[in-house]
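# Close look at the chain arrangement
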Amino acid sequence: MKKLASPLSYVLLVIISFISLFPFYMMITMSTYKTEQIFQTLPFLPSDYFGQNISTVFQSNFLQSYGNSLFISVVSMAVCVLVSSMVGYAMLVYDFKFKKALMNFIMLTMMVPTQIGIIGYMIEMRSLHLTGTLWPMILLWFANGFGAFWMIQFINGSMPMEIVESARIDGAGELKIFFGMVFPCIRPGVLTLCLLIFLWSWNSYLVPLVFVNNESLNTIPIFIKSLANAYRTDYGAQLSGLLLATIPLLIMFICGSKSFIKGLTAGAVKG
Amino acid sequence: MNRKGNKKYTILWPLFFVAPFIIFFLAFNLFPILYSVFLSFHDWSGIGDKVFIGLDNYVRIFTQDKTVWKSLGNTLYIMVLGFPLSIFLGLVLAAFLSNLKKFRNVFQTINFLPYITTPVAIGLIFTFLFDWNTGIINKIITFFGGEGVNWLGNAKFAPLVIGFMIIWKTTGYYMALYLAGITSISEDIYEAAKVDGAGPVKTFFKITLPLLKPITIFIVITSLIYALQLFDEPNLMFNVSTTSVIGGPDRSCLTMVWNFYDVAFGSTARLGYGSAVATTLFIIIVITSLVGMKLMNKKEGK
Amino acid sequence: MKLKKVTAMAMTAVLALGMLAGCGKGDSKDTAKSDAGSKDTKQEAEGDVTTITYWGWDTNWYEPMFEKFMEENPDIKIEATNVAYSDYFTKIQQAIASGSELPTMVQQSCTLIANYKELGVFEDLTSDPYNVDPDIFFDFIKDRAMTEDGQLIGIEQSVSPSAIAYKRDLAKEYFGTDDPEELAALFQSTDDYITKGKEVNEKSGGDAYLFHSSGAVAEWLYFADSTELQTGDTVNFTEKMTPVMDTLVKMRDNKVVDTFENGTPQANATYADDNHLFYPCPNWAISYYIKANDADGEGNWGLMMPATGGYSCGGCSVGITNTSTDAEKEAAWRFMKWAFLEQGGVDTAKESTDYYVPTKEFYEDPSYASGADPFFGGQDVGGFLYGEIAQSIVIPTPSIYDQTVIDIRDLLANAVMSDSDLDTQALIDKGLEECANRITDSDIKVK
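Residues numbered from 1 in each chain as written. Chains lettered and ligands numbered in written order. Predicted model: local features only at pLDDT ≥ 70, side-chain atom pairs only at ≥ 80, totals over all residues.

## Regarding the environment of P248 of chain A
Residues and elements named next belong to chain A. How we decide: Secondary structure counts use DSSP, requiring at least four H or I residues in a row for a helix and at least two E residues in a row for a strand, with both numbered from the N terminus. Here exposure depends only on C-beta density: within 10 Å of a residue's C-beta, 20 or more other C-beta atoms make it buried, 12 or fewer make it exposed, and intermediate numbers make it partly exposed, the C-beta atoms being placed from the backbone.
With respect to the helices, strands and loops of the structure, P248 is situated in helix α14 (residues 235-269). According to the C-beta neighbour criterion, P248 is partly exposed, with 18 such atoms within 10 Å. Remark: the alpha-carbon pair of P248 and L70, spanning 178 residues in sequence, is separated by 9.3 Å.

## Focus on the interface of chain B and chain C
For clarity, the cut-off: By definition, residues are in contact whenever their C-beta atoms, placed on the basis of the backbone, come within 7 Å of each other. Lys, Arg, Asp and Glu make up the charged group, whereas Ala, Val, Leu, Ile, Met, Phe, Trp, Tyr, Cys and Pro make up the nonpolar group; the residues left over, Gly among them, are polar.
Facing 27 residues of chain B, the contacting portion of chain C comprises 30 residues. For the side of chain B that touches chain C, the residue count by class is nine nonpolar, 14 polar and four charged.

## Overview of the domain arrangement of chain B
Heads up, the rule is: Either an automatic procedure or a domain database provided the assignment from which the domain bounds are taken.
Split by domain assignment, chain B resolves into domain 1 (1-34) and domain 2 (66-301). One C-alpha centre belongs to domain 1 of chain B, the other to domain 2 of chain B; they are set 35 Å apart.

## A closer look at the sheet that holds strand β12 (residues 316-320) of chain C
Residue and element names in this part refer to chain C. Stated precisely, the cut-off is as follows: Here, strands pair whenever DSSP counts at least two bridges between them. Axis definition: a line fitted to C-alpha atoms, limited for helices to the stretch in contact. Angles are taken between N-to-C directions and run from 0 to 180 degrees.
Read from one edge to the other, the open sheet built from five strands follows the order β2-β1-β3-β12-β4, with strand pairing classed as mixed. Because the sheet does not close on itself, it has two edges, and the strands there are β2 (76-82) and β4 (155-156). For strand β1 (residues 50-56) and strand β3 (residues 105-109), the ladder comprises two bridges, and the chain directions are parallel. Note that in β3 the partner of Y54 across the bridge is M105. Against the sheet, helix α3 (residues 59-72) touches β1 and β2, its axis set at about 165° to β2.

## Regarding the packing of helix α6 (residues 118-127) of chain A against helix α4 (residues 85-98) of chain C
As a reminder, the rule being used: Throughout, the term roughly parallel applies to angles under 35 degrees, roughly antiparallel to angles over 145, roughly perpendicular to angles from 65 to 115, and oblique to all others.
The contact between α6 of chain A and α4 of chain C brings their axes to 8 Å, and the two run at 55°. Compared by their axis directions, α6 of chain A and α4 of chain C come out oblique. The segment α6 of chain A lies against α4 of chain C, with M122, M125 and R126 of chain A engaging Q94, A97 and S98 of chain C. In the contact of α6 of chain A with α4 of chain C, the residues fall into three nonpolar, two polar and one charged.

## A short note on the packing of α3 of chain C against helix α14 (residues 343-353) of chain C
Residues and elements named next belong to chain C. Put simply, the rule reads: A crossing counts as left-handed when the near helix is turned anticlockwise from the far one by less than a right angle, and as right-handed when that turn is clockwise.
Running from N to C, α3 and α14 cross one another at 135°; their axes reach a closest spacing of 9 Å. The angle between α3 and α14 places the two elements in the oblique class. Classified by chirality, the crossing of α14 by α3 is right-handed. Contacts between α3 and α14 pair N60, W61, P64, M65, K68 and F69 from the former with G345, T348, A349, S352 and T353 from the latter. Among the residues making up the contact of α3 with α14, the classes are represented as five nonpolar, five polar and one charged.

If you want it as structure tokens, here you go:
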């Protein structure tokens, strides 16, 4: 193994990293161009139009879209992680009927794409009078098969049962054990799942495409798409908007990077 | 404190902790699918009354509608183009990376970036890169004396671009997962292998790879799910102008979900028929999932 | 332990906050969005301002129009939502199926007009209180938005006479003249485009093409052909598409048309380059394509008669949804009346977007539709489009398969360029197979 760490692996990694970064780099430089110029030159070096592009973005309801996306992602993330952790906790701590069946059920749910039910979901939201609000884009994240599976694996692998046992002997209630003791212990797993759910709901495209039909409901991806009229698309503005939209994800990932890796190790490896 | 037999611990508390998930799942995930199944036996455009037509929609899917099967084929093809290579690359990179002392975090963060990029951005950037006349890829090719390729306009190449995009997007994610796995393997095992005189390549294949099997299964299954749901990127890449063709050149990038979306909401709204297409997809996915679960259970047995 | 406790508390607090914020926002939305009845009372409380909504893709038209209208009518507020053209009909259908509110005014694309008629969500503008007499509009267009039982579901936003735009400097360079009449005399039949186009490409050493995109040529030839797409239960695909594909194949083989995909930003950037001469050009393309993409090209453009004669391409009508409240309908109608039937709106559309209404009476004033356009080197663009071309247009009866066939046409136009082995027959076969997959009504025969 050690011998593989030759200069060769550095070279390979640098090449791959370059490929990973290249489109990003293009996104950054192209966002500094006026749309018409993007196609007339090779936009490898930054130009001077970034300010105008950004002001175009802010002239439309970018901030509201940003707020909507944040709201959707934060609520989806919070509820999904809580609900998933509860399932994970129950699977570790309790013995109950249908436990095995529930496990199988969760694995199955993990594999069923929500998009398949979107017609039914649409009709359901209609009868609940939730169309025209942000809720249709949030509710379907609440029970996420992947999330539940993830937390089950994680709690199983990183929570010693003894902690719960001894807490019970000390007379702590179940809720107190869950929130006060278990939750802090499973932080890396929780953070990893938070990051993933936030990422997925932030980037979600199909569901908002169906439910957003009013500018006040725009999410970032839909907003970016709307920065175009039928015959001219303002790519410069779109790209600078996208750049701004990627920032929260970048911050989350870089800050949570350590926990994230820890979470991955425990969640996926032990699974 | 004997928990066994105490109803509080076998029924009430478990129910309390499990209920939210079950309720939310039934209400917002399963119910819509079941309702779609119900709709699939009807002819309905979203307005007016639903007309019960029995199995007619399914008869059409299985006897007439080639697009459904073409889109299934496209999806599988794109999946085969992209995922095996990205999983393999992820593994190899992780193996290299695990040996680095410096820059490990830097490389990992850089290569993870594509995974967090919004599909809208990916679609935009890739159309810029791969355009026939003005794309950077073709400019590079012609610079070296080659002839530009009609990447996005030719049914042969368009799926390759999507495949490449998948590799670009997911390699870093798989690398992170594998790296997590490799670092969790105890050094003692490697030391023991060294003592036994195993070379690095042999160690990798005989020790590392088998120990990574759970991760590999996890990755294969999640990528399978991701592939079957593919919609955002192809749609955003090939739905750029008012005259864009649905599904890209010759509909070669029309994935199952895109086809379903188009059938249900496209120029002729057919929610009933769309539901039937969705139900068919659902069945295909459940079957695939069951196979996947078999694999997972096997792993548990080990 | 203490630290853990604090984190746990913080976590719970965040969760709780999220939930609270969620409810708060949800509630306010709910009240704003509840049923139409309470909305009316709310509006009255706000000083009698009626708010109506509009979905559109044509920002060039609606932004100046709404601004001017609201200035003159402070009691009406129009909220516009920009919806991408390609998503538009989908969104309307989703709104109907999901029970979301439809906008008060809908923009009905002419290629989907038959589909809009089937939705049954529009007010009949010939009845009370609108009482529009369709005969006030140009003959060729007055029936387009009319259902079989005589309901008028929308008014055409603008007539869409189309011709061919060209770059004057390039025309001079290759044909020795930039005069529209002299150029039109050079191009008398579609074959002339092929022979002349071949010369252009050869003369330029392979750099220059007569047209930039097969899709644009296909659109022009398709709309210039007045063959009915649908007669009774038959869709005449082969008859309609064969001449188009024939010409495309010849153009490809003789390098008359370049390989850009119509409507993509890359294709739009060619408006400003020196390698593409001719652009099929509907009236709306002047502001959306030419002026938008070649902002520095003032004086370098000209407009000429195509060999096919003038044709009508694109355009849309505006209708009022019958799900709106009476107050909304009235406000919407006041806007439409102003925009299409009254001098103020008609002039605004002309000045801001070069749109000319289909209402005949305005053309009685000869200065309405004519005047020198400096962007076109002083050519009388309006007089040419609305005086000459608009009078001679024949348009086929709309079919609910228009958009489907147009989508297939675009697919074929792209296929021609990407596979040089495809001949007309192969293209038509491919098209018929596409029809079989996409035209699903069992009563309909595709020929």
